[in-house]
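Next come the chains, spelled out residue by residue.
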Amino acid sequence: MADHVIAEIPILRCRVLSLALSWKCDAHCLHCFLPRRIRQRDAYEPEVVHSVLAHLPDEVSLVSLTGGEPFLEPKRLLDVLSRIDAHGRIAAIVTNGLWSRDWQKARKLLGTAFRLGLRIFSLSLDEYHRPALSDQEAIRLLREAVQLGMEVSLKGTGRFARKKWARVSSHPDLSSVRVRPGWENLETIGTGRGLPADHQRGPSTMRDCGTVLLPLVLPDGRFMACCSTLMFQAKGTWLDVGTVREEPIDRLIDRYRRSFLLAGLFVFGPLGFLRRVGISRRPDQETKCGFCLGWLKDQEICRKVADRLGVDMALKKEIVARVMLFEHTRSVEPCCE
Ligand code: SF4
Ligand code: SF4
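Conventions and cut-offs
Residues numbered from 1 in each chain as written. Chains lettered and ligands numbered in written order. Predicted model: local features only at pLDDT ≥ 70, side-chain atom pairs only at ≥ 80, totals over all residues. Helix = DSSP H or I, 4+ residues; strand = E, 2+ residues; numbered from the N terminus. Buried ≥ 20, exposed ≤ 12 C-beta atoms within 10 Å, placed from the backbone. Contact = placed C-beta atoms within 7 Å. Near = placed C-beta within 6 Å. Nonpolar A, V, L, I, M, F, W, Y, C, P; charged D, E, K, R; others polar. Domains from an automatic or database assignment. Arc of directions from axis to C-beta.

Draft legend 1. Highlighting the overall build of the chain. Tallying secondary structure elements over the chain gives eleven helices and nine strands in all. Looking at the 337 residues of the chain, the share that counts as buried comes to 45%. Taking the contacts inside the chain whose residues are at least 6 apart along the sequence as the reference set, 77% of them involve residues at least 24 apart.

Dropping the structure here:
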């Protein structure tokens, strides 16, 4: 693998760091990117979380907990929330909400989580969740989070989810709830390929990739530059920046922030980036992440991209300018799943 082409000063910003505590989950969704055997195992490694929180750069103001299902282990979750708070960061979470079916316990747990610093609550809800909360269960949970004072959003996958989101978010007590359709599209999710074609978007979506702005630490300490649903295939590629077992997170984040390659993937997307450096490769029927990983694993292509970046000052300037334009016009959503 060619080395990252590193800028003298950081290009990307990293205000949000996602942290997957464990892959364990109590759901069995149709579109889940986690293989079943991984989803059944609790791979939590406390030393990874402690190391990440102890070496967070000032730039990271928000830690977004994800998984798996973070609420499955309440004691652990509360411990991590109190540590995030002790390090002066805001905590966000993305959850399937199934734990709220035992409402008395759930209400108490949510209140404690809020007191320990949980401020951003994202409920993952769509037609592909198995099981999914009913409308009434989702409303009950979201109302409680709103009443506690959390910033609340609904997220999910696929256009069929819109009706469910509309039913839930139209409740009079939930006018402040944001709905974030399409942040993850079904096309980027491995097993989602078996779902009906009308849920998928075409290759035109390959011309940028905002997911590069959501780096993620895996339960084993690996720092990935994006929270792609194909992340298990990304090991050893440019997206695999390193591990907190070997380097502190601030150094890994610094490398991520200075990488022209990662910034190029963000502003041009996997297809646009190749075209921009003069390499022709057709996406055919590939999903965006499938196409992206396809060439990121190709040593020859990566070397050509890195070589071109090494000599093309205009290209570097364009990447920096596009990132700056983004910074002035858009914002990063905190949660990924
Ligand atoms: S998609 Fe999320 S809620 Fe569903 S099984 Fe996977 S990790 Fe669990
Ligand atoms: S397109 Fe590439 S950079 Fe973007 S989320 Fe997928 S694998 Fe990551």
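Draft legend 2. Broad picture of the site of ligand 2. Taken together, 13 residues form the shell around ligand 2, and within it Cys-209, Thr-211, Cys-226, Cys-289 and Cys-292 come nearest. Secondary-structure elements contributing two or more residues to the shell around ligand 2 are helix H8 (260-276) and helix H9 (288-296). Of the residues forming the shell around ligand 2, the biggest block, four residues, is contributed by H9. Considering only residue class, the shell around ligand 2 consists of ten nonpolar, two polar and one charged. Of the residues that make up the shell around ligand 2, three or more belong to each of domain 1 (16-259) and domain 2 (262-328).

Draft legend 3. Looking closely at helix H7 (residues 249-258). Every buried residue of H7 is listed here: Ile-249, Leu-252, Ile-253, Tyr-256 and Arg-257. An end-on view of H7 places all buried positions within 135° of arc, on one side of the element. Buried residues along H7 sit against helix H2 (46-54), strand S8 (222-224), strand S9 (240-243) and H8.

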